[in-house]
Amino acid sequence: MLQILRPDGSMANLAALKALNLNAEDFRKIYELMLLTRAFEEKATREGVLKEIPLYISPRGQEAAEVASAYALSPQDWIFWYSRSQGGVL
């Protein structure tokens, strides 16, 4: 497992972070998509959109995993939606 940040937010592995080849704009975009994923889920559950679905598994807490894994995809890669993958699809 690769750890870049410690639980307190301090840097654990600067070399690993640099190896990702991401710039400040990439990090802003990833964060924006994480917030969009959370807002989508909150609005859908708050406004009763999901009342008609017999089983709904929330993506809450999974935003970073979904968005970051999708962000790493290439244009020729495919992604398929499943119950907690709203962040990847967005």
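Attention in this report is confined to the structure presented alongside it. (Residues numbered from 1 in each chain as written. Predicted model: local features only at pLDDT ≥ 70, side-chain atom pairs only at ≥ 80, totals over all residues. Heavy atoms only, no water.)

1. Description of the overall build of the chain
Next, step 1: A tally of regular secondary structure across the chain gives four helices and zero strands.
Next, step 2: Each helix and strand of the chain, ordered N terminal to C terminal, gives the series α-α-α-α. (Helix = DSSP H or I, 4+ residues; strand = E, 2+ residues; numbered from the N terminus.)

2. Remarks on the pattern of salt bridges
Next, step 1: As enumerated under the stated definition, the model contains five salt bridges in all.
Next, step 2: For the salt bridge of Arg-38 with Glu-63, the shortest nitrogen-to-oxygen distance reads 2.6 Å. Of this pair, Arg-38 sits in helix H2 (residues 24-46) while Glu-63 sits in helix H3 (residues 63-71), and the two are 25 residues apart along the sequence.
Next, step 3: Note that Arg-60 is salt-bridged to Glu-41, the shortest N-O span being 3.3 Å. On the criterion of sequence distance, the pair formed by Arg-60 in the loop between H2 and H3 and Glu-41 in helix H2 is long-range, its members being 19 residues apart.
Next, step 4: It is possible to trace a salt-bridge network through shared partners that takes in Glu-41, Glu-42 and Arg-60. (Salt bridge = Lys/Arg side-chain N within 4 Å of Asp/Glu carboxyl O.)

3. A word on the packing of aromatic side chains
Next, step 1: For the structure on display, the rule yields one aromatic pair.
Next, step 2: Aromatic side chains Trp-78 and Phe-80 sit 5.9 Å apart centroid to centroid with 25 degrees between the ring planes, which places their arrangement in the stacked category. With respect to burial, Trp-78 and Phe-80 carry one shared label: exposed. (Phe/Tyr/Trp six-rings, centres within 6.5 Å; stacked < 30°, edge-to-face > 60°. Buried < 20%, exposed > 50% of the residue type's maximum accessible area, 1.4 Å probe, protein only.)

4. Some points on the packing of H2 against H3
Next, step 1: Across the interface, H2 lies against H3 with an axial gap of 9 Å and an inter-helix angle of 130 degrees. In terms of orientation, H2 and H3 fall into the oblique class. H3 is crossed by H2, and the crossing has right-handed handedness. Between H2, through Asp-26, Lys-29, Ile-30, Leu-33, Met-34, Thr-37 and Arg-38, and H3, the contact on the second element is made entirely by Glu-63, Ala-64, Val-67 and Tyr-71.
Next, step 2: Partitioned by chemical class, the residues of the contact of H2 with H3 number six nonpolar, one polar and four charged. (Axes fitted to C-alpha atoms, helices over the stretch in contact; angles between N-to-C directions. Parallel < 35°, antiparallel > 145°, perpendicular 65-115°, else oblique. Left-handed = near helix turned anticlockwise from the far one by under 90°. Contact = heavy atoms within 4.5 Å. Nonpolar A, V, L, I, M, F, W, Y, C, P; charged D, E, K, R; others polar.)

5. Side note on the environment of Leu-90
Next, step 1: By the element assignment, Leu-90 lies in the segment after helix H4 (86-89).
Next, step 2: Since its relative accessible area comes to 44%, Leu-90 is described here as partly exposed.
Next, step 3: A C-alpha to C-alpha distance of 8.0 Å links Leu-90 and Leu-36, two positions 54 residues apart in sequence.
Next, step 4: When near neighbours in sequence (up to four residues on either side) are disregarded, Leu-90 contacts Leu-33, Leu-36, Thr-37 and Phe-40.

6. Concerning H3
Next, step 1: Taken together, the buried positions of H3 are Glu-63, Glu-66, Val-67 and Ala-70. Relative to the axis of H3, the buried residues are bounded by an arc of 90 degrees and lie together on one face. (Arc of directions from axis to C-beta.)

7. Some thoughts on unusual backbone geometry
Next, step 1: Phi angles above zero are rare outside glycine, and Asn-21 is one such case at about 55 degrees.
Next, step 2: With respect to the element layout, Asn-21 can be found in the loop between helix H1 (14-19) and H2.

Keep in mind these numbers describe shape, not what the thing actually does.
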